[in-house]
Amino acid sequence: MKRIALFLFAAATALTLTCATFASDKNKDKSEDDYDAIAQSQADDSKYEWTSLFDGETLKNWVDNMDGGESAVKVKDGCLRLGMGPTTTSVHFDEEGSGIKLPTANYEVEYVAKRYDGSDFFAAMTFPIGKDFVTFVNGGWGGYVAGLSSIDDMDASENSTSSFYNFKTGKWYRFRVQVSEKTVRVWVNDEAIIDYPIVDHRITTRFEVEKSKPLGFASWVSTGLIKTIRLRTLSADEIKEMDARADENARYLELRP
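Bear in mind the structure is a predicted one, so any value in this text is a computation, not a measurement. (Residues numbered from 1 in each chain as written. Predicted model: local features only at pLDDT ≥ 70, side-chain atom pairs only at ≥ 80, totals over all residues. Heavy atoms only, no water.)

A.B. asks: Explanation requested: the pattern of salt bridges in the structure shown.
C.D. replies: Close approach of charged atoms allows side chains of opposite charge to pair. One pass over the full model with this rule turns up 15 salt bridges. The closest approach of N and O atoms between R206 and E208, which form a salt bridge, is 2.7 Å. For E208, a relative accessible area of 16% puts it in the buried group. For E241, the salt bridge identified is with R245, shortest N-O distance 3.8 Å. Of the two residues, E241 and R245 are both situated in helix α3 (residues 236–252); the distance of four residues between them amounts to about one turn of the helix. (Salt bridge = Lys/Arg side-chain N within 4 Å of Asp/Glu carboxyl O. Buried < 20%, exposed > 50% of the residue type's maximum accessible area, 1.4 Å probe, protein only. Helix = DSSP H or I, 4+ residues; strand = E, 2+ residues; numbered from the N terminus.)

Structure follows, in structure tokens:
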């Protein structure tokens, strides 16, 4: 009986491990499929001239802000990895060292990222608007808030750019941020979630991401993976359309005459 019990225990253990491995491989494959679909949509986009800001192999052009602890930021498996720190882990783009002059208006940044572990923002991007800076927060305040921090000294959880978005851990997302002199627009995959006129508003960043200027990424008690980062100049038609929408939105919201 004792031998039978040991045999059954061993068999059950092996089955459990096999199922766990299968589930892990299945999740891995699903994650890779998600990224492949997003990457393919990027590859098909031949209308614009993009500048890649991340080579997928090194931290070239990026500086570890060292706020997440030693070796919290690394490049692994083609991803810029923001490891889980005590609070913030962040990097910023080395504008001077890279030789790439970052625009302050009329541009788009596109990046693909996912939360690997944790439950808060995993790839919040700080970026320039004229002489000011603001941060697009993805999954803040417990993992579900998306918005800009800060507008008129109000955080992403408080101002009118705030929205509820269920960012799932382990799932890749494609983020697009467009900036003109009058407005900021943000997409998650193909869903537009922010279209906000910025004229006559106070634009600032929270102190936790100050080191991410002029362009950078941060996670909060979470591990974030970023696989693609690229930049382009907006076309004249895009700028015209964005500014027209900004004027319309401003009048609608009674933000200015």
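A.B. asks: Quick question: what am I supposed to make of unusual backbone geometry here?
C.D. replies: When glycine is set aside, most residues are seen to have a negative phi, and most peptide bonds are trans. Each neighbour pair has its own omega, and for S149 with S150 the value is 5 degrees, a cis peptide bond. Following the sequence through the fold, S150 ends up in the loop between β9 (145–149) and β10 (163–164). The omega torsion across K213 and P214 is 5 degrees, close enough to zero to call that bond cis. Unlike most non-glycine residues, W141 shows phi in positive territory, near 55 degrees. Inspection of the secondary structure puts W141 in the loop between β8 (132–140) and β9. The phi angle at N189 is positive, at roughly 55 degrees, despite the residue not being glycine. Looking at the secondary structure, you find N189 in the loop between β12 (183–188) and β13 (191–197).

A.B. asks: How should I be thinking about the sheet that holds strand β14 (residues 216–220) in this particular structure?
C.D. replies: Whenever strands of a sheet pair, they do so through backbone hydrogen bonds, lying parallel or antiparallel. Here seven strands make up an open sheet; going across it, the order is β2-β5-β14-β7-β8-β9-β10 and the pairing antiparallel. A single partner strand is all that each edge strand has here, and the edge strands are β2 (62–64) and β10. With three bridges joining them, strand β7 (residues 124–129) and β14 adopt antiparallel strand pairing. Looking at β14, one finds that T126 is bridged to G216. (Pairing = 2+ DSSP bridges.)

A.B. asks: Where do I start with α3 in this structure?
C.D. replies: Since there are 3.6 residues in each turn of an α-helix, residues three or four apart along the chain are aligned in direction. Here α3 is 17 residues long and its end C-alpha atoms lie 24 Å apart, about the 24 Å a rise of 1.5 Å per residue gives. For α3, every residue scored as buried is listed here: E238, I239, M242, D243, A246, N249 and A250. The buried residues of α3 all sit within an arc of 125 degrees when viewed along its axis, so they share a single face. The outward face of α3, more than 90 degrees from its buried face, is lined by the exposed residues A236, D237, K240, E248, R251 and Y252. The inward-facing, buried residues of α3 contact β11 (173–179), β12, β13 and β15 (222–233). (Expected span 1.5 Å × (residues − 1). Arc of directions from axis to C-beta. Contact = heavy atoms within 4.5 Å.)

A.B. asks: Looking at this structure, I do not really get the pairing of β11. What am I missing?
C.D. replies: Within a regular strand, the side chains alternate between the two sheet faces. Where burial is concerned, most of β11 is hidden: seven out of the seven residues are buried. Of the two faces of β11, the one lined by Y173, F175, V177 and V179 and the one lined by R174, R176 and Q178 are each fully buried. As paired strands, strand β6 (residues 107–118) and β11 are joined by seven bridges and run antiparallel to one another. Bridge pairing links V112 to R174 in β11. Note: β11 against β12, five bridges, orientation antiparallel. Directly across from V177, in β12, lies its bridge partner V186. Connecting β11 to the antiparallel partner β12 that follows it, the hairpin turn spans three residues.

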